[in-house]
There are 2 protein chains.
Amino acid sequence: MGVTGPDIPSTDALLQALAEPRRRAILRLVANDELAAGEIAAAFDVSRTAISQHVTVLKKAGLLTERREGTRRWYRARPEGLAGLRTFLDEMWAGSLDTARRLVEAERGLSDTGEEVGRAG
Amino acid sequence: MGVTGPDIPSTDALLQALAEPRRRAILRLVANDELAAGEIAAAFDVSRTAISQHVTVLKKAGLLTERREGTRRWYRARPEGLAGLRTFLDEMWAGSLDTARRLVEAERGLSDTGEEVGRAG
DNA sequence: CGCTAACGTTAGCAGCCGCTGACGGAATCA
DNA sequence: TGATTCCGTCAGCGGCTGCTAACGTTAGCG
């Protein structure tokens, strides 16, 4: 019934894609310039096939855009693909920082009064 | 001779640690509360051993702090551990966004003059 | 049409990784 | 001291993953 959107990549796919050093290198390579598959492959010591597979992973993670021109395919980094990662990071950061703030406060109270500081009950 | 610092975890270790769904769950679990190893393990359906190994990975990535008390070890999320990830994200984002801006500008020029817009030479 | 260029895809393989079970160590208590 | 609790570590195993070689596909050219 409903119109299915362009399937938003999960945080899992994102982090798993970025966990590979070579995939991050590819991403940096096409961050400033649009490159064809062959050009990307030429920058590495592994086979063209391996790079093609990495590119597929990055594409599925929403980190790459593809533009076909003749027999060639041009790739470029997709900044919005990193939005999910930023969200994940902000949530983690906020949660932990909030706790850290609470701890500092409790510690200060401790040094003043000598009162015990345990886990928040 | 020199004083060796507390060895800063690499971006690779960071992303690889975060790539595991269960490790992210552990991180969320200790983001707001300090928990003992056993308590963390109790929250999952896998063995205590598996959790211990995940905790080790997170610790090596600088994402966890450990506090020993008697036979127990208390764990807590370490917000500064995510700093490296933020740096990585910002650099990627900046690079891609800069390119995107350049492209929009070029495209606007194209729609006005009909001039070809290729890769920056 | 045949031929080439530029790719993606598949099968198969080696290495990594997460899991379990068994074990060992440190702290606590009788 | 011995027994128990809490926990990390090790060996081994199955599944995943990154790699290569061979093949299939599409676009362009003679």
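What you are looking at is a predicted structure, and each value in this text was computed from that prediction instead of being measured.

Colleague: Give a detailed account of the overall build of chain A, specifying residues and quantitative values.
Modeller: Per the secondary structure count, chain A includes 5 helices and 3 strands. For chain A, the N- to C-terminal ordering of α and β elements is α-α-β-α-α-β-β-α. Burial statistics for chain A: of 121 residues in total, 22% are counted as buried. Summarising the internal contacts of chain A: among those between residues at least 6 apart in sequence, 53% fall at separations of at least 24.

Colleague: Help me get a handle on the sheet that holds strand β1 (residues 35-36) of chain B, residues and values and all.
Modeller: Residue and element names in this part refer to chain B. The antiparallel open sheet is built from 3 strands, whose spatial order is β1-β3-β2. Edge positions in the open sheet fall to β1 and β2 (64-69), since each of these has one partner strand only. In this sheet, strand β3 (residues 72-77) lies alongside β1 in antiparallel orientation, the contact comprising 2 bridges. Paired with L35 across the two strands is Y75, which belongs to β3. Contacts between helix α2 (residues 21-32) and the sheet are confined to β1 and β3, with β3 contributing the most and set at about 95° to the helix.

Colleague: Tell me about the sheet that holds strand β3 (residues 72-77) of chain A, and please be specific about residues and values.
Modeller: All names here are of chain A. The sheet built from 3 strands is open, its strands ordered β1-β3-β2 with antiparallel pairing. Looking at the sheet topology across the chains shown, the edges are occupied by β1 (35-36) and β2 (64-69). Against the sheet, helix α2 (residues 21-32) touches β1 and β3, its axis set at about 95° to β3.

Colleague: Got a sec to walk through the protein's contact with DNA strand D? Specific residues and values, please.
Modeller: The immediate surroundings of DNA strand D are formed by 20 residues, with A:S47, A:G70, B:A36, B:G38 and B:S52 found nearest. Every element with two or more residues in the surface near DNA strand D is listed here: α4 (48-60) of chain A together with α3 (37-42), α4 (48-60) and β3 of chain B. For the surface near DNA strand D, the per-class residue count stands at 5 nonpolar, 11 polar and 4 charged.

Colleague: Explain the protein's contact with DNA strand C to me, and be specific about the residues and the numbers.
Modeller: As a structural note, the neighbourhood of DNA strand C is formed by 20 residues, with A:A36, A:A37, A:G38, B:V46 and B:S47 the closest of them. Residue assignment for the surface near DNA strand C shows that the elements contributing at least two residues are α3 (37-42), α4 and β3 of chain A together with α4 of chain B. Here the surface near DNA strand C is built from residues that sort into 5 nonpolar, 11 polar and 4 charged.

Colleague: Just give me the short version of the environment of A:A36, but keep the residues and values in it.
Modeller: Tracing the chain through its elements places A:A36 in strand β1. Sequence-wise, A:A36 and A:R78 are 42 residues apart; in three dimensions their C-alpha atoms are separated by 15 Å.

Calculation rules
- Residues numbered from 1 in each chain as written.
- Chains lettered and ligands numbered in written order.
- Predicted model: local features only at pLDDT ≥ 70, side-chain atom pairs only at ≥ 80, totals over all residues.
- Helix = DSSP H or I, 4+ residues; strand = E, 2+ residues; numbered from the N terminus.
- Buried ≥ 20, exposed ≤ 12 C-beta atoms within 10 Å, placed from the backbone.
- Contact = placed C-beta atoms within 7 Å.
- Pairing = 2+ DSSP bridges.
- Axes fitted to C-alpha atoms, helices over the stretch in contact; angles between N-to-C directions.
- Near = placed C-beta within 6 Å.
- Nonpolar A, V, L, I, M, F, W, Y, C, P; charged D, E, K, R; others polar.

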